[in-house]
Amino acid sequence: MSLNKNILSNFTIETAIDPHPLTVTPEISLTEAIYRLTLPKKQQNVQVDLLIESNQGIDLKSRSSCLLVVENNQLLGILTERDIVRLIATKVQVEEMKISDVMTNKLITIVDSEIEDIYTVIDYFQQHKIRHLPVLSETKKLIGLITPSSLRNSLKSCDLLKHRQVEEVMNTDVIHGSPNLCLLDIAEKMAKYRVSCIVIVCPDQQQILYPLGIITERDIVQYQALELNFSQLTASEVMSTPLSTVSPVDSLWQAHHQMQNLRVRRLVVCGHNNKLVGIITQTSLLQNLDPIDMCGVIHTLRREIQDLQAEKIEHLHRNNSRLEKQVERLQESVNKLEQRNYEMTTINEMMEFLQVCDKIEDAHEFLAEFLKKLFPGFSSTVLLKDERNGKFKSVSCYGNLADSETLIEFSDCWALRRGQTHIASNAQPGLFCHHVAQEFQPTASMCIPLLNQGKVWGLFYLRTEFTEKISRHQKHLARTVAEQIALALYNLKLREQLKNDSIRDVLTGLFNRRYLDESLKQAINKAKRNQQPLSVIMVDVDHFKRFNDTYGHDVGDIVLRELGKFLQQKVRGYDIACRYGGEEMTLILINTPVSVAKERAESICSGVRELSLKNQDKILPSVTVSLGVACFPLDGTTGEEIVQRADRALYQAKEAGRNQVVLYED
């Protein structure tokens, strides 16, 4: 029962709030700001010899890893050690800048009244990937600062930490560097991989890494404050050594205790023969209290309930009422943890599905199934912006939704127009968005814009007819789901674009030469297996050089672009149209004998003659094409042979006067 009391009963979030964070005004110079970060809070005028005293001996309780920029009791921005490392890596002249020029002003903060429990704070850290969470009052005044350090130091979680090992939470993907790297390279590496430290290693002949020392963000900030030459100093000269290390089989409590004794934020994990196997940080320890990982806590709480129920029977006449209330509270805690565990597991499973999708269309059906599990009793849809008409179209939905809710105009949704979450209820029906279907008599609706780099490109929409209001937890869950969906779908969209760019010719929209080579091999192999014919048509624009010389390359590009569109219309969905090079195109016709291919080529030849080409409303002269046709297996047994012989037939068509189709003849 000690675990429950330590974590749930005795813990108060106030103990994790630093009421006196390091603050500055926006007019302070960046140089002075960096200098202040290197000093203990109570000894701002004491200089530290950084080459002698490294981070391995810093009193973390009297040092700050960030500066809060405050004016007139209002929080304006934040500058962290990671921000400073990034600036150094990009070689910014810090001497000429103020802190207001580089501070982060789009802050993630929390109002003290919104902090329900420790998990609320942990959710903020993990959801927004931050390490500093300013706490504000209802009037937006700064109350204090929560960090992983302050949160971990305030927890009395020794029982939980003692039963888990370092290898369960350590990060095995350790960013490392060699001793001869210069300090600027180290800073650039930290900024590139967004890590707080670089482990300096020495590999042996088998490329097994052995740690020698460590350089942290705080080291970089201190070296900048001393105005050291980052290009001349090497890692071996400034790294912290000897290292503080732990074993993978040590308990998290041992790691926690060692961090406190040594006053460090991270420990290198070494395995057999002192080889590097990972790194554990204060954030790693906090992850031990993640709601996803609370199955053990749930099990312990269940055991407590059983013990209390037995105790209730034994002492029925004496303390029945008190025990029943305790059982109810514990059961409520178990239910809450189980619900959170279920929700986080569902979100993780949904994200796994999204990550393995090849295109957004793959996510349409299963996405609705996951949303139905997360928001039962709601009607919901995910809409994405159609760049062609600016409307937002549903890509996945469930429940009773009207047409107005699956195809939305930008002006019909307050969330889209304001760029932030909009919640409405029937208590104030005038606040419902115009797209909300009033015929279903909604009691509440929630619209969350999907954002990327500040731009709205989608919408997550929820509506319910239940009499209960949307709870605070449901609102938080909806925001979390919306952020995860936005990130996954945008990454999926980028992957689609990158894949399309890698196989498509930008000018014509046809597949490129690399795609032709790979797809032709597969098509030939399939034709061999199925004993089917395959035809290749080579197409070349007649007198294209003369056309370019006469009208210019821009007009020549118009010809190639329109020809590409025309060829895409003339092939079937499973045929392949490619730009072979210059003004020469290639068509791969699947399961097509040479007679049919000749008819298709003749149709293309006559169709090109009839194309109407324009340049800024000015009609261009008509163009013609010459075409060569070859067929597998009649004219060759490999894709390379078929293309070469279709190309030879093409040149025969040109020599015979152009504007015609020629079949390859041996």
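Residues numbered from 1 in each chain as written. Predicted model: local features only at pLDDT ≥ 70, side-chain atom pairs only at ≥ 80, totals over all residues. Heavy atoms only, no water.

**Brief notes about the overall build of the chain**
- Looking only at helices and strands, the chain has 23 helices and 25 strands in total.
- Put simply, of all contacts in the chain between residues at least 6 apart along the chain, 65% involve residues at least 24 apart.
- Accessible area of the chain: about 33,900 Å², with a carbon and sulfur share of 48%. (Helix = DSSP H or I, 4+ residues; strand = E, 2+ residues; numbered from the N terminus. Contact = heavy atoms within 4.5 Å. Areas by Shrake-Rupley, 256 points an atom, 1.4 Å probe, with all protein chains shown as cover.)

**As for helix H3 (residues 81-89)**
- With respect to burial, H3 is a largely interior element, seven of its nine residues being buried.
- All of the buried residues in H3 are Glu81, Asp83, Ile84, Val85, Leu87, Ile88 and Ala89.
- Looking at the buried side of H3, the elements it contacts are helix H2 (30-37), strand E3 (74-80), helix H4 (99-102), helix H8 (183-193) and helix H9 (217-225).
- Looking one or two residues past H3, Lys91 carries a phi angle of roughly 60°, positive in sign. (Buried < 20%, exposed > 50% of the residue type's maximum accessible area, 1.4 Å probe, protein only.)

**As for the pairing of strand E24 (residues 625-632)**
- Counting buried positions along E24 gives eight out of eight residues, so the element sits mostly inside the fold.
- Residues Val625, Leu627, Val629 and Cys631 line one face of E24 and the alternating positions Ser626, Gly628, Ala630 and Phe632 line the opposite face, and both faces are buried.
- Taken together, the eight bridges between strand E19 (residues 534-541) and E24 define a ladder with antiparallel strand orientation. Across the sheet, Ile537 pairs through a bridge with Val629, a residue of E24.
- Where E24 meets strand E25 (residues 661-663), three bridges bridge the pair, whose relative direction is parallel. Bridging across to E25, Leu627 finds its partner in Val661. (Pairing = 2+ DSSP bridges.)

**Let's talk about the nonpolar core**
- Judged by nonpolar contacts, the single largest core of 38 residues is most densely connected at Ile99, Leu183, Met190, Ile215 and Ile220.
- Grouped together as the second largest cluster of nonpolar side chains are 36 residues, Met350, Met351, Phe375 and Ala486 included. (Core = buried A, V, L, I, M, F, W, Y, C linked by side-chain atoms within 4.5 Å.)

**A short note on the sheet that holds strand E12 (residues 276-281)**
- Here we have three strands laid out as an open sheet, ordered E10-E11-E12, and mixed in their pairing. The sheet is open, and its two borders are formed by strand E10 (245-246) and E12, each paired with just one other strand.
- As paired elements, strand E11 (residues 266-270) and E12 share five bridges and run antiparallel to each other. Within the sheet, the bridge partner assigned to Val268 lies in E12 and is Ile279.

**A look at the confidence of the model for the chain**
- Of the residues in the chain, 90% reach a pLDDT of 70 or more, and the chain-wide mean stands at 84.
- Segment residues 1-10: pLDDT under 50, and 18 contacts once partners within four positions in sequence are set aside and those in other chains are kept.
- Low pLDDT, under 50, characterises residues 290-295; the stretch is placed with 15 contacts to residues that sit more than four places away or in other chains. (pLDDT = per-residue confidence, 0-100.)

**Focus: a negative patch on the surface**
- A surface patch of negative charge is lined by Glu14, Asp112, Glu114 and Glu138.
- Topologically, Glu138 is positioned in the loop between strand E5 (133-136) and strand E6 (142-146). (Patch = residues over 30% accessible without salt bridge, like charges linked within 9 Å, V, L, I, M, F, W, Y side chains within 5 Å. Salt bridge = Lys/Arg side-chain N within 4 Å of Asp/Glu carboxyl O. Lys, Arg positive; Asp, Glu negative; His and termini not counted. Charge placed at Lys NZ, Arg CZ, Asp CG, Glu CD.)

**Digging into the environment of Ile408**
- The residue Ile408 is located in strand E15 (residues 407-408) in this model.
- Each residue touching Ile408, except ones within four places of it in the same chain, is listed here: Leu383, Lys391, Phe392, Cys413, Leu416, His435 and Leu459.

**As for helix H11 (residues 252-262)**
- Those residues of H11 that fall on the buried side of the exposure criterion are Leu252, Ala255, His256 and Met259. When H11 is viewed along its axis, its buried side chains cluster within an angular range of 100° and face the same direction.
- Looking one or two places after H11, you find Arg263, whose phi comes out positive at around 60°. (Arc of directions from axis to C-beta.)

**Comments concerning the environment of Thr381**
- Mapped onto the elements, Thr381 comes out in strand E13 (residues 378-385).
- Among the residues examined, Thr381 registers a relative accessible area of 0% and is labelled buried.
- Along the chain, Thr381 and Arg463 lie 82 residues apart, while their C-alpha atoms are 9.3 Å from each other.
- Residues within four places of Thr381 in sequence aside, it is in contact with Ser394, Ser396, Cys397, Leu401, Glu405, Leu459, Phe460 and Tyr461.
- A polar contact of 3.1 Å, which involves the side chain of Thr381, links it to the backbone oxygen of Ser396. (Polar contact = N/O pair within 3.5 Å; in protein donor to acceptor, adjacent residues only side chain to side chain.)

**So, the layout of surface pockets**
- The space that makes up the second largest pocket amounts to roughly 560 Å³.
- Contributing to the lining of the second largest pocket are 15 residues, with Ile360, Glu361, Lys385, Asp386 and Lys493 lying nearest its centre.
- For the lining of the second largest pocket, the elements supplying multiple residues, two or more each, are E13, strand E14 (392-398) and helix H18 (472-503). (1 Å grid on protein atoms, 1.4 Å probe; cavity = no way out; pocket = protein on both sides within 12 Å on 5 of 7 lines; lining within 4 Å. Points joined across faces, edges and corners; volume = space filled by probe spheres on them.)

**Examining the sheet that holds E24**
- Taken together, the five strands give an open sheet; going across it, the order is E20-E21-E19-E24-E25, and neighbouring strands pair in mixed fashion. Among the strands making up the open sheet, the edge pair consists of strand E20 (576-581) and E25. The average undirected angle you get between the axes of adjacent strands in this sheet is 20°.
- Contacting E19, E20 and strand E21 (584-590), helix H21 (residues 553-570) runs over the sheet at an angle of about 5° to E21. (Axes fitted to C-alpha atoms, helices over the stretch in contact; angles between N-to-C directions.)

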